[in-house]
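Results of the structural survey
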Amino acid sequence: MNTTASHRTVQKGTGQVSKNRLYRLYREESLSLRYRPNRKRRAQMSHPARARATAANHAWSLDFVADLLAGGQRFRALTIVDVFTREALAIDVGQRLGASDVVRVLEELRLRRGTPRTLLCDNYGSELISQVMDLWAYHHKVEIAFSRPGKPTDNAFVESFNGTLRDECLNARWFTSLTDAKEQIEQWRVETTRVGLTVPSAKCHLPNMSVRWAYRPN
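Below is a short write-up of the structure. Model, not experiment: these values are computed from the prediction.

Here we come to the packing of aromatic side chains. Tallied over the full model, the rule gives two aromatic pairs. Ring centres 5.9 Å apart and planes at 85 degrees place the aromatic pair Phe75 and Phe175 in the edge-to-face group. Of this pair, Phe75 sits in strand 3 (residues 74-82) while Phe175 sits in the loop between helix 6 (156-170) and helix 7 (178-195), placing them 100 residues apart in sequence. Centroid distance Phe161 to Trp188: 5.8 Å. Interplanar angle 45 degrees. Geometry classified as tilted. Of this pair, Phe161 sits in helix 6 while Trp188 sits in helix 7, and the two are 27 residues apart along the sequence.

The structure is reproduced here in structure tokens:
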């Protein structure tokens, strides 16, 4: 029983003992005190210090965005952005995208441009917290950093890109089929990356996030 609960019990019985006096009595009699640390402060301290993306492939940021075809069928797109260069590395479109699709796209990018040091992603969705994703990261010594619950700014790089994708492509075009959507979105990605209109320029600091894998030295 902690001092607050004990104080309430004593108050109910006598109505006279103050909390300070009860605490002093606990200390004098060497009674156990249950320590409750500040949960919010502990959570904040558990996140690694903010790092800085200093080169290409230092950090890739990934997320999903959803839209509809002309016939009303829903489709999803996996977006991956290089935090330092602000390039749209990939936009993979599919009716249903699972963990195996995420790993497939990451492996294709790895073979084409090298292995990222860190992956920044949200901490929800089976696609991003799956075992196959963990195994791929473990095998290639990639650090996975998850954004904190309720903190969308932790993954602001890809969030900003997804907003541009929706405004300039998804909301501005008509997709008659899944194949048509794949072709048009890929065409937009290539054109946008070529003219440098991907993610708005910003300081390339990596946000505080919960880290899953950390096998590479600083």
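From this point, the discussion proceeds with the structure in view.
Turning to the pattern of salt bridges, a few remarks are in order. Following the criterion strictly, the structure yields nine salt bridges and no others. When the shortest N-O distance is used, the salt bridge between Arg113 and Glu87 registers 3.6 Å. With a gap of 26 residues between them, Arg113 in helix 4 (residues 99-113) and Glu87 in the loop between strand 3 and strand 4 (88-94) connect regions that are remote in the sequence. Given a relative accessible area of 26%, Glu87 falls into the partly exposed group. Between Glu186 and Arg189 there is a salt bridge, with the nearest N and O atoms lying 2.8 Å from each other. Of this pair, Glu186 and Arg189 both sit in helix 7, three residues apart, roughly one helical turn. Judged by relative accessible area, Glu186 falls into the partly exposed class, the value being 30%.

Parameters at a glance
- Residues numbered from 1 in each chain as written.
- Predicted model: local features only at pLDDT ≥ 70, side-chain atom pairs only at ≥ 80, totals over all residues.
- Heavy atoms only, no water.
- Phe/Tyr/Trp six-rings, centres within 6.5 Å; stacked < 30°, edge-to-face > 60°.
- Helix = DSSP H or I, 4+ residues; strand = E, 2+ residues; numbered from the N terminus.
- Salt bridge = Lys/Arg side-chain N within 4 Å of Asp/Glu carboxyl O.
- Buried < 20%, exposed > 50% of the residue type's maximum accessible area, 1.4 Å probe, protein only.

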